[in-house]
Amino acid sequence: ANNNQNQVHDMINEITKEYHKKLELFFRNYEDTSEQKHVYYERRSKSLANENICGYQRCTFRTMIQSAVAVWFESPYEAIGSEQVLLSKYRNQVFSDNQKEICYYASASLYSAFDRVIYQNRLDPSWRSAKPFICFIIKKNLMNEKISLNDTQKAEKLSLSILNLVKKDDGYIEALEK
C-alpha cells in the first residue's frame, strides 16, 4: 500500500518555509504597471479569497513549481506533473535563499499571461494543455541558453525580459506568433 500522506506533508512543510513567506511578500509588493497583470502567490489555500483579483492572477504552489520547471529547468514535459512529484524531483534545486524572488515571479507571470489571453478570448482554450511548452518556447525565444536560477545576474536579466514581454497587452500574443 502507498502512503500518499507523506507527499502532502512534504508540500506543507515546503510552503511554510521562510523562503515561501518571502516569495508571498515579494509577489504582493512587486510593482506592475497594470492591476490585471499583477500576480499574487496564494501560499495557503483561500488566502486570497477576499481579494478582488481574477483567477489567472492567483499563483498556487503548484503553478509556482510547474512554471519554474518549464521555464528555468527547460522541462515542459515534466512541468505537467503534480506538485508533489515535482517537489521530490527538484527539491534541492528550487526555492533556495540564494535565488532571486523575481525569477519565480517572472515564470509565474508567464503562466498567468497565458491564462489571461485565454480569459480574454484571444487564444483558444484548447491550447491550455500546451501551456508549459508554449511558455518554454517563449523563454527560449527571449534567451536561447539555459540559465540557472543560481546564476543570479543572468536569471534576473531573463526575468526582466519575461516581465517586459508580459506587461505589454499584445506582447504575449506577439511572442506566440513568432
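Residues numbered from 1 in each chain as written. Predicted model: local features only at pLDDT ≥ 70, side-chain atom pairs only at ≥ 80, totals over all residues. Heavy atoms only, no water.

## Details of the overall build of the chain
So, point 1. Helix and strand content of the chain: nine helices and two strands.
So, point 2. The order of α-helices and β-strands along the chain, N terminus first, is α-α-β-β-α-α-α-α-α-α-α.
So, point 3. Here the C-alpha atoms of the chain give a radius of gyration of 15 Å, agreeing with the 16 Å that 2.2 N^0.38 yields for 178 residues.
So, point 4. With the principal axes as the frame, the chain shows a C-alpha extent of 45 × 40 × 35 Å.
So, point 5. With 178 residues in all, the chain has 49% of them scored as buried.
So, point 6. Split by element, the accessible area of the chain, about 9500 Å² in all, is 45% carbon and sulfur. (Helix = DSSP H or I, 4+ residues; strand = E, 2+ residues; numbered from the N terminus. Rg over C-alpha atoms; globule rule 2.2 N^0.38 Å. Buried < 20%, exposed > 50% of the residue type's maximum accessible area, 1.4 Å probe, protein only. Areas by Shrake-Rupley, 256 points an atom, 1.4 Å probe, with all protein chains shown as cover.)

## Section: helix α5 (residues 83-90)
So, point 1. Taken together, the buried positions of α5 are occupied by Glu-83, Gln-84, Leu-86, Leu-87 and Tyr-90. Along the axis of α5, the buried residues cluster in a sector spanning 165°; they form a single face. (Arc of directions from axis to C-beta.)

## So, the environment of Leu-163
So, point 1. Mapped onto the elements, Leu-163 comes out in helix α8 (residues 152-167).
So, point 2. Using a relative accessible area of 6% as the deciding quantity, one classes Leu-163 as buried.
So, point 3. Separated by 126 residues in sequence, Leu-163 and Lys-37 have C-alpha atoms that sit 9.8 Å apart.
So, point 4. Sequence-distant contacts of Leu-163, that is, excluding residues within four places in its chain, are made with Tyr-30, Ile-102, Tyr-105, Ala-106 and Ser-109. (Contact = heavy atoms within 4.5 Å.)

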